[in-house]
Amino acid sequence: MTASTQQAALDFLAAGFSVIPVNADKTPRGRWQDYQGQPMTPETARQKFSNGARLAVVAGKVSGGLELLDFDDPKAFQPFLETLEQMAPGLADRLPRFQTPSGGYHLAYRCNDPVKGNQKLAVSSDKKQVRIETRGEGGYFLTAPSPGYTPLAGSLTDCPTLSADEVATLHRAAKAFDLRPAPDLTAKSDLLSSLPLTPPTTDNPGDIYNRNHSAAELLAAHGWKPGDRTTAGEAWTRPGKGEGCSGVLLDKTGNFYCWSSNAGPLEPERSYTAFGLFTAYEHGGDFRAAARALANETRATETAGSNKETGPRFKLLTGADLEALPPVEWVIKGVLPSRGLGQTFGPSKEGKSFLVWDMVCHVAEGRDWFGYRVKQRPVVYLALEGEAGFKLRAEAWKKANGRDSLPRDFFMVMQPFRINQPQDVADLATVSPKGAIVVIDTQACAAPDADENSGKDMGQIIDGAKTLAATIEGFALLIAHTGKDATKGARGHSSQLPALDASIEVKRRGQQRLWRADKVKEGLDGTEHPFSLEVVNLGIDDDGDPITSCAIKVDSRDSLKRAKIMTESQRQGVASFWCAAEKAPTLNDDGSFLGLHLEDWRPVFYEISTADNAPAKKMAFQRLRKALTADGMATAKNDLYRMTTPDAGLREREIEKAFSGDRDSGTAEHLPPAEHQADNGAEMDQGNIDFMTGEILENPVNTGINDEAEQRNTSGTLREHVPRV
C-alpha cells in the first residue's frame, strides 16, 4: 500500500491539492496545520507517506477551494441525489463520488467563492447523529487509496469547480434531510412557563394545529402544486411558476422544506410544519400572534357550544410531588446549571469574554474548571462584539492549553442576531444542539434597538433568552456590562436579576482580577476566584510587530477555598451555628470574633434536630461537625468553631458590631424579645431561620433547652447570654 499511497499523494500534489499522512484512527501524523497554508513538497511526501500511513486531503483554499459533502447516514444519499436532480438537473452527475469504510458516501467539488469551515447540514431528530456535513476550510478527509475508500464515479483530481449558486444548491438539497424539529416551539413562550413544576404539556395551539392539519393542505390552499415523487418525498412547485421543484414535502417528517428564494412569505432553506405554514401565510411569521389567534378561537368554540368536562388549569403539588421532582443537574457544579438562563457581567476591559470563552471551552471538552467538576456539553458561541479578535483568541487558548484545535463540540456564530426577535431565536434554536450552552456576547449587541432600562424591553430580552434555552433544553448565557455604578450589578432594568438561574461577576480589586458566583439558584454564591490574563505570543505580522492575544490563567495566589454544595443537614447545622453565635459568641479583648464554643452551639442544634431522642441528636451533631470540617466549611480549635463559608466574614463583623455596645455599657443588648421569655415548654421559633439557605432572619431566638446546657435560672426566665471572652 505504501507505494500506491505515495504515488497518489504525488498525483494529488501535482493536481493542486494539499495532502497529509494520517493514522488508521484518522488522527494526523504530526502537525497537519502546517499544510493548511501551503502543500508539502514532493520530497516531503515521499518521506511522510510510509510505514502504513493513510492519505488524507486538506480542504479549503490550500487545495483550490476544495469542499466535500460527507454522508454519515447512508440512507440519505440516494434520496439526496434524486432531490438534487429535481433542483439542478445534471449537477450530481458532474461530482466524483466515493464510498467510505462505514458505508457512507463522499461527494467532492471545488468552489469559486471562499470555502467556509465544516458545517452540519442535516442532523437526526434527536440531534445526536450528523447525517450530512461538509469538510471545508480547516478540515480534512481520508480518500482512496486509503483502505476502505472506494471510488464509485469520477476522480477526485478531476473534480469540477462550481459556482456560488451551485454550491448553495448542494447545501439546500442536503438541508432538506435535516430531521430536527421545525422551530414552532417559539409559540409556547406566551402560553407555557419555561421552567414548569409539572411535566411540560404538548397541548399548545401549535401542536393541536399540527395534529389536525397537514402541510400539504396548507400548500394547496395557497396555490402550490404537487409534482413528481422522489425517495425523499413529494416535490411541489410554488405559485407563479409553471414547472420545476421549489420544495419537497418530506415523507419522514411530514414537514415541507422550501428551497426557492422566490416563494415568499416562505424563506429558503427552512423546514415548515403545518403550523409554521399557517403562521407564515396568515400571521406574517409571528408565532405568538398565530398561537394567540388559535387559542382565542379554541376558547370561543368551547364557550359557545361545549359543556365537556375539562381538567383543572392549575395542578396543586403536594409535598410528595415536590420530593419526586428531579434534582438540579449541573454543567459546572455549583456554578452553572444545565438548563435555564444566566449572565456574566462586569466593567469593560476586565476580561469577561476571555473568562467565558475559557469556561465554555472547558465545558465543550468536559474538563474541570477552576477546580469545579464539569459535565461535557456542546457549546454555541455568538460573537456579536469584536468579531475580528476571536480567531486570535482561539489560537491563544489552544496554545495556552496545549491543543491543536478547539473542542469538537464548540461552535461559533458570527452573523447578526437579535435576542428580542422571535424568528432569530427560532432559527438559532434550529441549528443549536440539544442541551447546548449558548453564549450571547454581548447582551447589548443582541438587542441594539432595546432600552435596557425599560422593563418592557428587558422583558423581551429575558423572554427571548428563556425561549431559546427551553427550546434547546439547554442554557443561555448573556454577557453584559455594568452601569456607571459597578456595585449595582449588570446594566439595565432590575427585572433581569430575579429572572436569572446563575450570575457570574467579573471585577478587579486593585491589580487583582476576580470572578465570583454572584447568584446561583440551589448552589452557593459569593466565592471569589482570582485569575489573570496571560499574554500569548502568536507570531510576527507583515510589519514585524508581534501578534498577541490573551488566555485565562488561574492565579497561583488563590488561597480562597471553593464552597461546596451543602446537604440539607449541613444547611440546618450552619443555620443553628449562626443563631447560637448571635447570642453567645467568643470574643477576644478587643471585641474580635474568635468563634463559637461547642457547648453554646450544641443546645441550638438539638432544638432544630429531627432526631428521635437525645442519643440520636448527639450522634447527628457529631456527624455534622465532622462533615463541615472535612468539607472545609468549618474549622475547630480547642472546641471553638468558625465557619469558612463565603458569607462568614460578613456575619462575624455583624456580630462584633452588635456586641461592641454590650462591652461599652456592660449590658447585653441581644436578649430575646419578651414574648419569648415564656414557660419551660417554649420551643425555638424556627420561623426566624431560612433552613434552605442558612440565613438568620429578623429577631432570631435562642431558647434551646436540654440536660447538657440549661438555659433557664430558677425563676423560669431566660438568663442573659453573655459573650465568652
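Quick notes on the rules
- The numbering scheme is per chain: residues are counted from 1 as the chain's sequence reads.
- For this predicted model, a pLDDT threshold of at least 70 governs which residues receive local features, and a threshold of 80 or more governs which side-chain atom pairs are given and counted, while totals over whole chains, interfaces and linings are taken from all residues.
- Neither water nor hydrogens contribute to the side-chain values; these are computed over all heavy atoms in the structure.
- Here the term buried applies to any residue with accessible area under 20% of the maximum for its type, exposed to any over 50%, and partly exposed to those in between, with areas from a 1.4 Å probe on protein chains only.
- Secondary structure elements follow DSSP: runs of H or I no shorter than four residues count as helices, runs of E no shorter than two count as strands, and numbering proceeds from the N terminus.
- When DSSP finds at least two bridges between two strands, those strands are taken to pair.
- Any pair of residues with heavy atoms lying within 4.5 Å of one another is described as a contacting pair.
- For helices, the fitted line uses only the C-alpha atoms of the stretch in contact; every axis is such a line through C-alpha atoms, and the angle between N-to-C directions lies from 0 to 180 degrees.
- What pLDDT conveys is the predictor's confidence in a given residue, as a value from 0 to 100.
- Roughly parallel here means an angle under 35 degrees, roughly antiparallel means over 145, roughly perpendicular means 65 to 115, and every remaining angle is called oblique.
- By the definition used in this description, the sense in which the near helix is turned from the far one sets the handedness, with an anticlockwise turn below a right angle giving left-handed and a clockwise turn giving right-handed.
- Only Asp, Glu, Lys and Arg are considered charged, only Ala, Val, Leu, Ile, Met, Phe, Trp, Tyr, Cys and Pro nonpolar, and every remaining residue, Gly among them, polar.
- To estimate the expected span of a helix, count its residues, drop one, and scale the result by 1.5 Å.
- We define the nonpolar core as a collection of buried residues of types Ala, Val, Leu, Ile, Met, Phe, Trp, Tyr and Cys that are connected through side-chain atoms lying within 4.5 Å of one another.
- Pairing of aromatic side chains here covers Phe, Tyr and the six-membered ring of Trp, requires ring centres within 6.5 Å, and sorts the geometry by plane angle: under 30 degrees stacked, over 60 edge-to-face, intermediate tilted.
- N or O atoms within 3.5 Å of each other form a polar contact, as long as, within protein, one can give a hydrogen and the other can take it, and as long as residues adjacent in sequence are counted only when both atoms are side-chain atoms.
- What counts as a salt bridge is simple: a side-chain nitrogen of Lys or Arg found within 4 Å of a carboxyl oxygen of Asp or Glu.

**Student:** Is there a simple way to explain the pairing of strand β1 (residues 18-22) in this structure?
**Tutor:** The side chains of a regular strand alternate, first on one face of the sheet and then on the other. Summarising burial for β1: five of the five residues are buried, a large majority. The alternating pattern of β1 places Ser18, Ile20 and Val22 on one face and Val19 and Pro21 on the opposite face, and all of these are buried. Sheet analysis places β1 next to strand β2 (residues 54-58), joined by five bridges and oriented antiparallel. Each bridged residue has a counterpart across the sheet, and for Ile20 the counterpart in β2 is Ala56.

**Student:** Looking at this structure, I do not really get the sheet that holds strand β28 (residues 593-597). What am I missing?
**Tutor:** Two pairing modes exist for strands in a sheet, parallel and antiparallel, and in both the strands are linked by backbone hydrogen bonds. With antiparallel pairing, four strands are arranged side by side in an open sheet as β27-β28-β30-β29. Each having just a single partner strand, β27 (586-587) and β29 (634-637) make up the two edges of the open sheet. Two elements, β27 and β28, share two bridges in a ladder whose sense is antiparallel. In the strand pairing of β28, Thr586 is matched with Gly595. Strands in contact with helix α17 (residues 568-581) are β28 and β30 (640-643); relative to β30, the strand with the most contacts, it is inclined by about 115°.

**Student:** Looking at this structure, how should I read the confidence of the model for the protein?
**Tutor:** Caution applies to low-pLDDT regions: their predicted coordinates should not be interpreted in detail. Here the protein averages 80 in pLDDT, and 83% of its residues register 70 or above. A low-confidence stretch, residues 184-202 (pLDDT under 50), is modelled with 34 contacts involving residues beyond four sequence positions or located in other chains. Counting contacts from residues 662-722, a segment whose pLDDT is below 50, to residues more than four positions away or on other chains yields 112 contacts.

**Student:** Would you take a moment to explain unusual backbone geometry for this structure?
**Tutor:** Outside of glycine, negative phi angles account for most residues, and trans bonds account for most peptide bonds. Cis peptide bonds are those with omega within 30 degrees of zero, and the linkage from Gly264 to Pro265 qualifies with 10°. Along the chain, Asp441 connects to Thr442 via a cis peptide bond; the corresponding omega equals 15°. With a phi angle near 75°, Lys26 is a residue other than glycine that sits in the positive phi range. With respect to the helices, strands and loops of the structure, Lys26 is situated in the loop between β1 and α2 (34-37).

**Student:** Teacher, can you tell me more about the packing of helix α18 (residues 598-608) against helix α19 (residues 614-630) here?
**Tutor:** Relative placement of two packed helices is described by the angle separating their axes and the distance separating the axes. Contact geometry of α18 with α19 gives a least axis separation of 10 Å together with a crossing angle of 120°. As judged from the angle between their axes, α18 and α19 are oblique. Every pair of crossing elements has a handedness; the one defined by α18 and α19 is right-handed. Of α19, the residues touching α18 (which contributes Leu598, Trp601, Arg602, Phe605 and Tyr606) are Lys617, Lys618, Ala620, Phe621, Leu624, Arg625 and Leu628. A class-by-class count of the residues in the contact of α18 with α19 yields eight nonpolar, no polar and four charged.

**Student:** Just to check I follow, could you spell out α17 for this structure?
**Tutor:** Quick reminder: α-helices carry 3.6 residues per turn. Residues three or four places apart thus point the same way. The end-to-end C-alpha distance of α17, which contains 14 residues, comes to 20 Å, matching closely the 20 Å that a straight helix rising 1.5 Å per residue would cover. Burial of α17 is extensive: 11 of the 14 residues sit out of reach of the surface. Among the residues of α17, those classed as buried are Gln570, Arg571, Gly573, Val574, Ala575, Ser576, Phe577, Trp578, Cys579, Ala580 and Ala581.

**Student:** Quick question: what am I supposed to make of the sheet that holds strand β25 (residues 528-540) here?
**Tutor:** A sheet is described by the order of its strands in space; here nine strands give the open sequence β20-β19-β21-β22-β18-β23-β24-β25-β26, paired in mixed fashion. Two strands in the sheet have a free side with no partner beyond their single neighbour: β20 (410-413) and β26 (546-554). Neighbour-to-neighbour, the strand axes of the sheet open up by a mean angle of 25°, direction not taken into account. Here nine bridges tie β25 to β26, and the two strands are oriented antiparallel to one another. Of the residues in β26, the one forming a bridge with Glu534 is Ala551.

**Student:** What exactly am I supposed to notice about the nonpolar core here?
**Tutor:** Where a protein is soluble and globular, its nonpolar side chains tend to be buried together. Counting residues in each nonpolar core, the largest one holds 35 residues, and the members touching the most others are Ile332, Met359, Val360, Tyr381 and Trp515. Where this core is concerned, the elements lending two or more residues are β16 (330-332), α11 (352-365), β19 (379-383), α12 (390-400), β21 (437-441), β22 (475-481) and β23 (502-509). Of the residues forming this core, the biggest block, nine residues, is contributed by α11. In terms of nonpolar packing, the next biggest core, distinct from the first, is built from 34 residues, Leu107, Ile132, Ala176 and Trp259 among them.

**Student:** What am I meant to see in the packing of aromatic side chains here?
**Tutor:** Think of a pair of aromatic rings as described by two things: how far the centres are apart, and how the planes are tilted against each other in angle. As enumerated under the stated definition, the model contains 25 aromatic pairs in all. With centroids separated by 5.6 Å and ring planes inclined at 45°, the aromatic side chains of Trp357 and Phe390 adopt a geometry described as tilted. Of this pair, Trp357 sits in helix α11 while Phe390 sits in helix α12; the two residues are 33 residues apart in sequence, bridging distant segments of the chain. Here Tyr372 and Trp515 contribute two aromatic rings whose centre-to-centre distance is 6.1 Å and whose plane-to-plane angle is 50°, an arrangement assigned as tilted. Here Tyr372, found in the loop between α11 and β19, pairs with Trp515, found in strand β24 (residues 512-520); they are 143 residues apart in sequence, far enough to count as distant. Pair check on accessibility: Tyr372 and Trp515 agree, each one buried. A connected cluster of aromatic rings, assembled from ring pairs, spans Phe577, Trp578, Trp601, Phe605, Tyr606, Phe621 and Tyr641.

**Student:** Mind showing me how you'd approach the side chain of Gln443 here?
**Tutor:** Structurally, the position occupied by Gln443 is in helix α14 (residues 443-446). Separated by 3.4 Å, the side chains of Gln443 and Glu452 make a polar contact.

**Student:** Just to check I follow, could you spell out α12 for this structure?
**Tutor:** Turning to α12, its buried residues are Phe390, Arg393, Ala394, Ala396, Trp397 and Lys398. The first or second residue beyond α12 is Gly402, which carries a positive phi of 65°.

**Student:** Explanation requested: the pairing of strand β5 (residues 105-111) in the structure shown.
**Tutor:** Counting buried residues along β5, seven of its seven residues qualify, which places the element largely inside the surrounding structure. Side chains of β5 alternate between two faces, with Tyr105, Leu107, Tyr109 and Cys111 and His106, Ala108 and Arg110 buried alike. Summarising the sheet, strand β3 (residues 66-71) and β5 pair through six bridges and their orientation is antiparallel. Looking at the pairing, Leu69 lines up with Leu107 of β5. As paired elements, strand β4 (residues 97-99) and β5 share three bridges and run antiparallel to each other. Bridging across to β5, Phe98 finds its partner in His106. Hairpin connection from β4 to β5: five residues lie between these consecutive antiparallel strands, with Gly103 at a positive phi of about 95°. Looking at chain direction, β5 and strand β10 (residues 161-162) are connected through two bridges and run parallel. Opposite Arg110, over in β10, you have Thr161 as the bridge partner.

**Student:** Just checking my understanding: could you explain the pattern of salt bridges for this structure?
**Tutor:** If the charged atoms of two oppositely charged side chains come close together, the side chains can form a pair. One pass over the full model with this rule turns up 19 salt bridges. When the shortest N-O distance is used, the salt bridge between Glu350 and Arg508 registers 3.1 Å. Linking Glu350 in the loop between β18 (340-346) and α11 with Arg508 in strand β23, this pair joins segments that are 158 residues apart in sequence.

**Student:** Where do I start with the packing of α11 against α12 in this structure?
**Tutor:** Contact pair α11 / α12: the axes reach a minimum separation of 11 Å and the direction vectors enclose 55°. One way to sum up the angle between α11 and α12 is to call them oblique. In this structure, α11 meets α12 at a crossing whose hand is right-handed. Contacts from Ser353, Phe354, Trp357, Asp358, Cys361, His362 and Glu365 in α11 reach Phe390, Arg393, Ala394 and Trp397 in α12.

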